[in-house]
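# Reading the structure
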Amino acid sequence: MTDLPMHPTSLPAGSCLSYQNGELRMESVPLSQVFAAHGSPVFVYSKAAMLQALAAYQQGLQGRRAHVHYAVKANSSLAILKIFADAGCGFDIVSEGELMRVLHVGANPQHVVFSGVGKTQREMRLALQHGIGCFNVESLPELQALNDVAVAMGTKAPVSLRINPNVDAQTHPYISTGLKDNKFGIAHEDALKAYQLANSLPGIRVRGIDCHIGSQITQTTPFLDAMDKILDLVVDLEAVGIALEHIDFGGGLGIDYKGETPPAADALWQALWQRVDARGLGHKTFMTEPGRSLVGNAGLCLTQVLYLKEGAHKNFCIVDAAMNDLPRPAMYQAYHQIVAIQPRTDHTPERTWDVVGPVCESGDWLGRDRQLQCQPGDVLAVLSAGAYSMSMASEYNSRPKLAEVLVDGDQFRCIRQRNTIQDLWYNEST
Ligand code: LLP
């Protein structure tokens, strides 16, 4: 039986969270047990939630020549990469570090695509040495540099050009990437010339086309518009003799942070396939690069209330996690739901709190104007923190990086030890 907290905002879709016997569980594990074993702050992830999210993609791609390439930047912890590698995913990487991480968990390099506007020549060489599947090239100077590296190595680099379709993803400006003003990709109108150049270079083997219009997209329309533009281009390119093997459609599907209702991955792909089939391009290989929608709602951060500071204008609930651990609120004014893991049933009054961390910045808030019944010592869960939290965390204010725990059924295990104080300066000298 699921009973709800005193003031339920419903728990995010796909999180594998429920309230049972007055406390919050992830899968079958009461989060109080994770806190007892590992303290706080700590990130906790549900394996089942990740596999469920992946299953929606697998369902949507079923019967097609199509692959999921998990976008490593969303959460690059090894145990998480291993889950996706074991489940048959390829990877979308953006750096040497991400390449070495996925190779470390045994990924097949052929199923790795390398995105990003600023690949260094060293990164290009390394990726070629390991035989990665494709470079998603974002500019002509990058194409030229990759050609030079490949020629010097006596090989050909497999390439997709990332085309910027100039579609408004209707998301936060910092995570919108498909508009003309963004730094990403090659302009749609320059695509034909760029492909002709790529085809003429001895170190380049043209394989496909790539696009990615943004992140936390909750509407279907921007995806359909982008697909239309990309497919039109594929048809135009074939007309001039440039045949592409694959279409990499990027990532970007949003999640439920505060009641958003993005399309399910399978429903989105059903709609996309109609566009593909209408142009007779269903025989091509398709790729998608989801990050957030695979891990975002699978994770949360447990944090303990340190002090309650009530004031004339604002009440502050000061917790032990901060903007260095959970950077999204400070960076994008992002909303993460915050709930008690053992909602109080006593007479503690409910108040409106700004939930803030110990970092010395006014921007260090995790949630504003939240209705909570809490006391010092209570443990809160910052929800929907599986994506772009640990992977974006820093050690600002000399706060060591957090531990991470993976829940699987009724078991849980530590997948990353909390950094020690000595780890803060292990590579420094006086
Ligand atoms: N492919 C490429 C080329 C990307 O740039 C990204 C994300 C993805 C795939 C994965 O997108 P997703 O499915 O996760 O939306 N830190 C921001 C999000 C930045 C996304 C950057 N690119 C945030 O916390 O909201």
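About the criteria used
Residues numbered from 1 in each chain as written. Predicted model: local features only at pLDDT ≥ 70, side-chain atom pairs only at ≥ 80, totals over all residues. Heavy atoms only, no water. Helix = DSSP H or I, 4+ residues; strand = E, 2+ residues; numbered from the N terminus. Rg over C-alpha atoms; globule rule 2.2 N^0.38 Å. Buried < 20%, exposed > 50% of the residue type's maximum accessible area, 1.4 Å probe, protein only. Contact = heavy atoms within 4.5 Å. Areas by Shrake-Rupley, 256 points an atom, 1.4 Å probe, with all protein chains shown as cover. Lys, Arg positive; Asp, Glu negative; His and termini not counted. Charge placed at Lys NZ, Arg CZ, Asp CG, Glu CD. Phe/Tyr/Trp six-rings, centres within 6.5 Å; stacked < 30°, edge-to-face > 60°. Lys NZ or Arg CZ within 6 Å of the ring centre and 35° of its normal. Pairing = 2+ DSSP bridges. Core = buried A, V, L, I, M, F, W, Y, C linked by side-chain atoms within 4.5 Å. Polar contact = N/O pair within 3.5 Å; in protein donor to acceptor, adjacent residues only side chain to side chain. Near = heavy atom within 4 Å. Nonpolar A, V, L, I, M, F, W, Y, C, P; charged D, E, K, R; others polar. 1 Å grid on protein atoms, 1.4 Å probe; cavity = no way out; pocket = protein on both sides within 12 Å on 5 of 7 lines; lining within 4 Å. Points joined across faces, edges and corners; volume = space filled by probe spheres on them. Axes fitted to C-alpha atoms, helices over the stretch in contact; angles between N-to-C directions. Parallel < 35°, antiparallel > 145°, perpendicular 65-115°, else oblique. Left-handed = near helix turned anticlockwise from the far one by under 90°. pLDDT = per-residue confidence, 0-100.

Time to look at the overall build of the protein. Each helix and strand in the protein was counted, giving eleven helices and 21 strands. On C-alpha atoms alone, the protein measures out to a radius of gyration of 23 Å, which is about the 22 Å that the 2.2 N^0.38 rule sets for 430 residues. In terms of overall dimensions, the protein has a C-alpha envelope of 75 × 55 × 40 Å along the principal axes. The burial tally for the protein puts 55% of its 430 residues in the buried class. Looking at the protein alone, contacts between residues at least 24 apart form 69% of all its contacts between residues at least 6 apart. Per element, the accessible surface of the protein, about 18,100 Å² overall, is 49% carbon and sulfur. Counting 35 positive and 44 negative side-chain charges, the protein places the centres of these two groups 3 Å from one another.

Our focus in this paragraph is the packing of aromatic side chains. Inspection of every chain in the model, using the stated rule, returns eight aromatic pairs. The interplanar angle of 25° and the centroid separation of 4.5 Å between the aromatic rings of tyrosine 70 and phenylalanine 84 together place this pair among those described as stacked. Of this pair, tyrosine 70 sits in strand β5 (residues 66-71) while phenylalanine 84 sits in helix α3 (residues 78-86); the two residues are 14 residues apart in sequence, bridging distant segments of the chain. For the pair tyrosine 70 and phenylalanine 84, one class covers both residues: buried. Ring pairing ties together the aromatic residues Phe223, Phe249, Trp269, Trp273 and Phe286, which thus form one cluster. Across from the ring centre of tyrosine 335, 4.7 Å away, lies the NZ or CZ of lysine 258, which sits over that ring.

Read from one edge of the open sheet, three strands run β1-β2-β3, paired in antiparallel fashion. Looking at the sheet topology across the chains shown, the edges are occupied by β1 (17-20) and β3 (29-30). The sheet contact formed by β1 and strand β2 (residues 23-26) spans four bridges and is antiparallel. By the bridge assignment for β2, glutamine 20 is matched with glutamate 23.

Among the structural elements, glycine 208 can be located in strand β11 (residues 204-210). Residue classification places glycine 208 among the buried positions, given a relative accessible area of 0%. As a C-alpha pair, glycine 208 and threonine 261 span 53 residues in sequence and 32 Å in three-dimensional space.

For the rest of this paragraph, the subject is the nonpolar core. Grouped together as the largest cluster of nonpolar side chains are 105 residues, with contacts concentrated most on Phe84, Phe91 and Phe135. Per-element tally for this core: the top contributor is helix α8 (residues 221-239), with nine residues. When near neighbours in sequence (up to four residues on either side) are disregarded, phenylalanine 135 contacts Phe114, Lys119, Met124, Ala127, Leu128, Leu146, Ala157, Pro158, Val159 and Ser160. Formed by 20 residues, the second largest nonpolar core is a distinct cluster that contains Leu11, Val34, Val379 and Ala381.

The next subject is the environment of threonine 303. Mapped onto the elements, threonine 303 comes out in strand β14 (residues 299-310). Sequence separation of threonine 303 and phenylalanine 43 is 260 residues, and the distance between their C-alpha atoms is 9.1 Å. Ignoring any residue separated from it by four or fewer positions in sequence, one finds threonine 303 in contact with Ser40, Val319, Asp320, Ala321, Asp378, Val379, Leu380 and Val382. Here the side chain of threonine 303 touches aspartate 320 through a polar contact of 2.6 Å, side chain to side chain. A distance of 2.9 Å separates a polar atom in the side chain of threonine 303 from the backbone nitrogen of alanine 321.

A few words on the site of the ligand. Around the ligand there are 18 residues in total, and Ser215, Glu289, Arg328, Tyr332 and Tyr388 lie nearest to it. Between an oxygen atom of the ligand and a main-chain N or O atom of glycine 252, the distance comes to 2.8 Å. Here the ligand has 590 Å² of accessible area as a free molecule, and 92% of this is covered by the chains. Grouping the constituent residues of the shell around the ligand by class yields six nonpolar, six polar and six charged.

Applying the stated criterion across every chain yields a total of one cavity of 30 Å³ or more. Of the pockets and cavities examined, the largest cavity occupies roughly 60 Å³. Around the largest cavity, the lining residues are Tyr57, Phe223, Phe249, Gly250, Gly251, Gly252, Leu253, Leu268, Trp269, Leu272 and Thr288. It is helix α9 (residues 265-278) that contributes the most residues to the lining of the largest cavity, three residues altogether. Along the lines of polarity and charge, the residues of the lining of the largest cavity split into seven nonpolar, four polar and no charged.

Turning our eyes to something else, we now look at the packing of helix α5 (residues 121-129) against helix α6 (residues 140-152). Remark: α5 packs on α6, axes separated minimally by 10 Å, with the N-to-C direction vectors making an angle of 50°. On the basis of their axis angle, the class for α5 and α6 is oblique. At the point where α5 passes α6, the crossing takes the right-handed sense. In this structure, α5 uses Gln121, Met124, Arg125 and Leu128 to contact α6, whose residues at the interface are Glu142, Ala145, Leu146, Val149 and Ala150. Partitioned by chemical class, the residues of the contact of α5 with α6 number six nonpolar, one polar and two charged.

The next thing to look at is the confidence of the model for the protein. Of the residues in the protein, 96% reach a pLDDT of 70 or more, and the chain-wide mean stands at 95. Here strand β10 (residues 186-187) is the element of the protein with the lowest mean pLDDT, 92, and strand β4 (residues 42-46) is the one with the highest, 99. pLDDT under 50 marks residues 1-8. Its contacts with residues more than four places away, or in other chains, come to 15 contacts.

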